[in-house]
Amino acid sequence: MTFIQEFFRIYDRAISGGICSFTQTGITKDDFTRLCTDSEFALSEEAVRRACLAMEANGDETELLVRLARGESR
């Protein structure tokens, strides 16, 4: 599982479930574009935590995304 795969699993659930909007995640348009086009890109830890809060990710999901963003394995 890559950062982008896991991020979009949570993001898609939050957006489709009406939990939050793109704007509420705090992700910049440039960073979102990179998430969509650069398979190696990952958000900063601060951005991950902010987005996870908006997307109502649970603690395990948040910590997994933080680890993946740091390049650590599951």
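Refer to the structure presented above.
Scope of this entry: the structure provided in the associated data block. (Residues numbered from 1 in each chain as written. Predicted model: local features only at pLDDT ≥ 70, side-chain atom pairs only at ≥ 80, totals over all residues. Heavy atoms only, no water.)

1. A short note on the side chain of Glu 61
The residue Glu 61 is located in helix H5 (residues 59-69) in this model. What makes Glu 61 buried here is its relative accessible area of 9%. In terms of polar contacts, Glu 61 uses its side chain to reach the side chain of Arg 13, at 2.8 Å. The contacts of Glu 61, once residues within four sequence positions are left out, are Arg 9, Ile 10 and Arg 13. (Helix = DSSP H or I, 4+ residues; strand = E, 2+ residues; numbered from the N terminus. Buried < 20%, exposed > 50% of the residue type's maximum accessible area, 1.4 Å probe, protein only. Polar contact = N/O pair within 3.5 Å; in protein donor to acceptor, adjacent residues only side chain to side chain. Contact = heavy atoms within 4.5 Å.)

2. Regarding the environment of Ala 69
Along the polypeptide, Ala 69 turns up in helix H5. Classification of Ala 69 by relative accessible area gives partly exposed; the value is 23%. Filtering out sequence-adjacent residues up to four positions away, Ala 69 remains in contact with Phe 3, Ala 42, Leu 43 and Val 48.

3. Details of the nonpolar core
Core analysis: the largest hydrophobic core is formed by 23 residues, its most contacted members being Phe 3, Phe 7, Leu 35, Leu 43 and Met 55. Elements supplying a minimum of two residues to this core: helix H1 (3-16), helix H3 (29-37), helix H4 (45-55) and H5. Top element by residues in this core is H1. It accounts for 7 residues. Excluding residues within four positions of it along the chain, Phe 3 makes contact with Leu 35, Phe 41, Ala 42, Leu 43, Val 48, Leu 65, Leu 68 and Ala 69. (Core = buried A, V, L, I, M, F, W, Y, C linked by side-chain atoms within 4.5 Å.)

4. Focus on unusual backbone geometry
Even without being glycine, Glu 56 reaches a positive phi, approximately 55°. If you trace the backbone, Glu 56 turns up in the loop between H4 and H5. A relative accessible area of 56% places Glu 56 in the exposed class.

5. Topic: the environment of Asn 58
Inspection of the secondary structure assignment puts Asn 58 in the loop between H4 and H5. Separated by 48 residues in the primary sequence, Asn 58 and Ile 10 have C-alpha atoms spaced 9.8 Å apart. A polar atom in the side chain of Asn 58 sits 2.7 Å from the backbone nitrogen of Glu 61.

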